[in-house]
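Notes for the structure review
These are the residues of each chain, in order.
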Amino acid sequence: GKSTVSIKVSYDPDDLNEKSGASIHGEDGSIELWVAVIEKAYAEYKGGSGKGDKDGGYKKLNGGMAGSALKTLTGEDVTTHLCMLNPSDTIATDLSEALAQKKPVTASTSFMPLHKKLMKSKEVVPNHVYTVTEVQGTGQQASIFLRNPWGTRKTYQEAKSPDDTAWVGAAKVVLSAAEFKKIF
């Protein structure tokens with residue numbers, strides 16, 4: 001059977017505001033507190049106590065792959081594909097099949113991206129996870145629709161290179177399968 005873990009979540013309501021950068025608004029503008037609460041619970045599960053821990057465990061959420069979080073939250077096995085190892089003409093098919101099976105589909109960018117110019121032009125930020133929401137078409141020219149969990153345009157400064165210009169993360173991104181393969 002599956003095991004369960006109970007976690008007591010405590011948070012300051014002042015942390016859930018626009019200034020904090022918390023993404024608490026649904027696509028229709030409604031308040032979506034469950035997202036912030038789940039994120040906080042996962043941060044505490046990963047080792048943040050909130051006491052003497054300045055960020056409440058959030059640093060432990062930075063980086064990595066979304067698969068480990070999905071497995072923890074759902075108890076289900078996950079499948080990870082490294083796009084750089086897959087032919088770009090099969091990526092759209094694989095994503096479409098997973099979406100048709102109602103599986104959660106995410107895509108993670110690297111903290112050291114190889115295609116910075118392309119990412120900036122498409123407003124995709126490094127070291128970040130997106131949700132794949134839709135695929136239209138097939139092959140390399142298929143359109144892959146992504147949702148940024150930040151929910152709005154947000155500026156992100158790449159910590160690895162302080163002299164670099166700020167990245168802007170768009171709320172929604174559309175990439176061709178060939179672009180998706182390069183970025184993810």
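Cut-off values and rules
- Residues numbered from 1 in each chain as written.
- Predicted model: local features only at pLDDT ≥ 70, side-chain atom pairs only at ≥ 80, totals over all residues.
- Heavy atoms only, no water.
- Helix = DSSP H or I, 4+ residues; strand = E, 2+ residues; numbered from the N terminus.
- Buried < 20%, exposed > 50% of the residue type's maximum accessible area, 1.4 Å probe, protein only.
- Contact = heavy atoms within 4.5 Å.
- Phe/Tyr/Trp six-rings, centres within 6.5 Å; stacked < 30°, edge-to-face > 60°.
- Patch = residues over 30% accessible without salt bridge, like charges linked within 9 Å, V, L, I, M, F, W, Y side chains within 5 Å.
- Areas by Shrake-Rupley, 256 points an atom, 1.4 Å probe, with all protein chains shown as cover.
- Salt bridge = Lys/Arg side-chain N within 4 Å of Asp/Glu carboxyl O.

**Topic: the overall build of the protein**
Scanning the protein from N- to C-terminus turns up 5 helices and 6 strands. For the protein, the N- to C-terminal ordering of α and β elements is α-α-α-β-α-β-β-β-β-β-α. Burial status across the protein gives 30% buried among its 184 residues. When contacts within the protein are restricted to residue pairs at least 6 apart in sequence, long-range pairs at least 24 apart make up 55% of them.

**Structural notes on the packing of aromatic side chains**
Applying the stated rule across the entire model yields 2 aromatic pairs. An angle of 80 degrees between the planes, with centres 5.9 Å apart, marks the rings of Y130 and F184 as edge-to-face. Placement of Y130 in strand β2 (residues 129–136) and of F184 in the segment after α5 (177–183) is noted, with a sequence separation of 54 residues between them. Grouped by ring-pair contacts, the aromatic residues Y130, F180 and F184 constitute a single cluster.

**Describing a nonpolar patch on the surface**
A surface patch of nonpolar side chains, about 350 Å² in accessible area, is lined by L82, M84 and L85. Residue position: L85 is located in the loop between α2 (66–74) and α3 (88–100).

**Regarding the environment of D89**
By secondary structure assignment, the location of D89 is in helix α3. For D89, a relative accessible area of 43% translates into the label partly exposed. Residues D89 and A142, 53 residues apart in the sequence, show an inter-C-alpha distance of 8.6 Å. Contacts of D89, omitting those with residues within four sequence positions, involve G139 and Q140.

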